[in-house]
Amino acid sequence: MASKQSTRVRRAVQRYAAGREELRAVTDAYVALVTQLLDDAGINYLAVTGRTKSVESFASKAARRLPGGRLAHPKPLTDITDQIGVRVVTYVLSDVAAVAQLLTAQLEVREDRDMGQETADAGRFGYSSRHLLVALDEEREEPGIPTGTLASVQIRTVLQHAWAEFEHDVRYKGSVSAEHGPDFDRRFTLAAGLLELADQQFTAIRDRHREELTSPAEGADDDPRISPTDLAAFLAGQFTDAGWSRTDHYAWISSLLLELGITSLSELREVLRDVDVEAIESRMGYRYPPGAVRRLDDALLSVYGQRYVELHGNAHRVRLLAARLDKFTD
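Residues numbered from 1 in each chain as written. Predicted model: local features only at pLDDT ≥ 70, side-chain atom pairs only at ≥ 80, totals over all residues. Heavy atoms only, no water.

**Details of the overall build of the chain**
Here is the rule we go by: Here a helix means four or more residues in a row that DSSP labels H or I, a strand means two or more in a row labelled E, and each is numbered from the N terminus. We call a residue buried when its accessible area falls under 20% of the maximum for its residue type, exposed when it is over 50%, and partly exposed in between, using a 1.4 Å probe and counting protein chains only. Contacts are assigned to residue pairs with any non-hydrogen atoms lying within 4.5 Å of each other. Using a 1.4 Å probe, the Shrake-Rupley method yields the accessible areas, and only the shown protein chains count as cover for residues. Residues scored as positive are Lys and Arg, those scored as negative are Asp and Glu, and His as well as the terminal groups of each chain are ignored. Charge positions come from single atoms, namely NZ of Lys, CZ of Arg, CG of Asp or CD of Glu.
Looking only at helices and strands, the chain features 14 helices and five strands. With the C-alpha coordinates aligned to their principal axes, the bounding extent of the chain is approximately 75 × 45 × 35 Å. For the chain, buried positions account for 42% of its 330 residues. Contacts in the chain between residues at least 24 apart in sequence constitute 71% of all its contacts with a sequence separation of at least 6. Summing over all exposed atoms, the chain offers an accessible surface of approximately 18,000 Å²; the carbon and sulfur share of this is 50%. Side-chain charges in the chain split into 41 positive and 50 negative, and the spacing between the mean points of these groups amounts to 11 Å.

**Structural notes on a nonpolar patch on the surface**
We count it as follows: In this analysis, a patch consists of residues with relative accessible area above 30% that form no salt bridge, clustered at 9 Å for like charges and at 5 Å for the nonpolar side chains Val, Leu, Ile, Met, Phe, Trp and Tyr. Put simply, a salt bridge is a Lys or Arg side-chain nitrogen that is within 4 Å of an Asp or Glu carboxyl oxygen.
Together, Leu-190, Leu-194 and Leu-197 make up a nonpolar patch on the protein surface, roughly 300 Å² of accessible area in all. Checked against the element boundaries, Leu-197 lands in helix α7 (residues 181-212).

**Quick notes on the nonpolar core**
Threshold: Here, nonpolar core means buried Ala, Val, Leu, Ile, Met, Phe, Trp, Tyr and Cys residues that are tied together by side-chain atoms lying within 4.5 Å of each other.
Among the nonpolar cores identified, the biggest contains 75 residues, and Tyr-30, Leu-296 and Tyr-308 are the most heavily contacted of them. Among the elements that make up this core, the one with the highest residue count is helix α1 (residues 2-41) (14 residues). With sequence-adjacent residues up to four places away left out, Tyr-308 is seen in contact with Ile-253, Leu-256, Leu-260, Asp-297, Leu-300, Leu-301, Asn-314, Arg-317 and Leu-321. Among the nonpolar cores identified, the runner-up in size contains five residues, and Trp-163, Ala-164, Phe-188 and Ala-192 belong to it.

**Things to note about the environment of Ala-164**
When you line up the elements, Ala-164 lands in helix α6 (residues 158-173). Every residue in contact with Ala-164, bar those within four places of it in the chain, is listed here: Tyr-127 and Arg-156.

**Describing the packing of helix α12 (residues 292-304) against helix α14 (residues 318-329)**
Put simply, the test is: A fitted line through C-alpha atoms serves as each axis, taken over the contacting stretch for helices, and the angle formed by two N-to-C directions is quoted from 0 to 180°. Should the near helix be turned anticlockwise from the far one by less than a right angle, the crossing is termed left-handed; should it be turned clockwise, right-handed. Here the nonpolar group is Ala, Val, Leu, Ile, Met, Phe, Trp, Tyr, Cys and Pro; Asp, Glu, Lys and Arg are the charged ones; every other residue, Gly included, is treated as polar.
Closest axis-to-axis distance for the α12/α14 pair is 10 Å, and the angle between their directions is 65°. Crossing handedness for the pair α12 and α14: right-handed. Every residue of α14 that contacts α12 at Arg-294, Asp-297, Asp-298, Leu-301 and Ser-302 is listed here: Leu-321, Arg-324, Leu-325 and Phe-328. Per-class residue counts for the contact of α12 with α14 are four nonpolar, one polar and four charged.

**Quick look at the sheet that holds strand β4 (residues 130-135)**
Heads up, the rule is: Pairing between two strands is assigned when DSSP locates at least 2 bridges connecting them.
The five strands are arranged β1-β2-β5-β4-β3 in an open sheet whose pairing can be described as mixed. Both outer strands of the open sheet, β1 (47-52) and β3 (108-114), are each paired with one neighbouring strand and no more. When strand polarity is set aside, the average angle formed by the axes of neighbouring strands in this sheet is 20°. Of the strands in this sheet, β2 (84-90), β3, β4 and β5 (151-157) are in contact with helix α4 (residues 93-106), which crosses β5 at around 155°.

**Some remarks on the pairing of β5**
Successive residues of a regular strand alternate their side chains across the two faces of the sheet. Counting buried positions over the seven residues of β5 gives seven, a clear majority of the element. Side-chain alternation along β5 places Ala-151, Val-153, Ile-155 and Thr-157 on one buried face and Ser-152, Gln-154 and Arg-156 on a second face that is also buried. Across six bridges, the pairing between β2 and β5 is parallel. Opposite Val-89, over in β5, you have Arg-156 as the bridge partner. Pairing between β4 and β5: five bridges, direction antiparallel. Within β5, the position partnered with Leu-133 by the bridge is Ser-152.

**Concerning the side chain of Ser-245**
Selection rule: Side-chain atoms alone can form a polar contact between residues adjacent in sequence; in general such a contact is a pair of N or O atoms within 3.5 Å, and within protein one must be able to donate a hydrogen while the other accepts it.
With respect to the element layout, Ser-245 can be found in the loop between α8 (228-238) and α9 (247-259). What makes Ser-245 buried here is its relative accessible area of 1%. Separated by 3.3 Å, the side chain of Ser-245 and the backbone nitrogen of Ala-292 make a polar contact. In this view, Ser-245 contacts Gly-42, Asn-44, Tyr-250, Gly-291, Ala-292 and Val-293; residues no more than four positions away in its chain are not counted.

**Let's talk about the packing of α8 against helix α10 (residues 265-272)**
The condition that has to hold: Roughly parallel here means an angle under 35 degrees, roughly antiparallel means over 145, roughly perpendicular means 65 to 115, and every remaining angle is called oblique.
With their axes 11 Å apart at the nearest point, α8 and α10 run at an angle of 30° to one another. Accordingly, the angle class assigned to the pair α8 and α10 is roughly parallel. Helix-helix and strand crossings are classified by hand; for α8 and α10 the assignment is right-handed. Contact with α8, carried on its side by Asp-230, Leu-231, Phe-234 and Gln-238, involves Leu-265, Leu-268, Arg-269 and Leu-272 of α10 and no other residues of that element. A per-class count over the contact of α8 with α10 returns five nonpolar, one polar and two charged.

Below you can see the structure in the form of structure tokens.
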């Protein structure tokens, strides 16, 4: 039996090695898809990265055995579900939840584990990350991603990411003696508790900052665009329930406003005066908390229609905007 299992593992590793380059291309496509979904939703994030499991890591996992000698993954090519990995790093905890909601709304989620909550439920401090196992549903087609191909998506804050990366580096790439093991455990636990407090403070800081934001006075500037900072302040008051968006997204949509001839907050305020926010929400049917830039994006689309779709700055997403515009005319 052991000989047959070893042969099965060896063949699976050989097949994985032979197809790994194709998996790398699918990994890149998944990273591009997740990035596009986040950008379209206007959700704030720090980074989206991907990795294809190495042959060595796949072989180690495929050979893993349970007590009693049975293989932990009898069919390694299908049982090992983290061959494609995507990681989303956010700034605050609320954005972790927003990203998870977005992916649940847009993709087929096969598994959803909140590792931080599981750690807390066990009465401990330690590893925290949201793990989703996703695939495309039958109705969605994406270039480079075969239907049913799984990707493991980790979503964590930048502080959670720092802890996990350092802990992994020390424990798995370093050498911790049995004598010093308990001391390392204690220190990592203490660090995890402190970082959880820091995450809570980051959230409190951002929430307080949003409450205090007001539209600043407009002044002379060589750049005819509304500044990203001013626009962020304005949108915080315009869409009070919207999440924060990435800094570069405020700059990007400010360029779209310039194409429309809108160069001041007073002009933008006039454009949005008669926008029916509730009607837009009903038409869009958001199943995730859209960011402030996405809310403005949809408002401008409702006002300008096809003209907005055809702006130069929207050339890369004409099909996406056209599909959204259809929701206003149904």
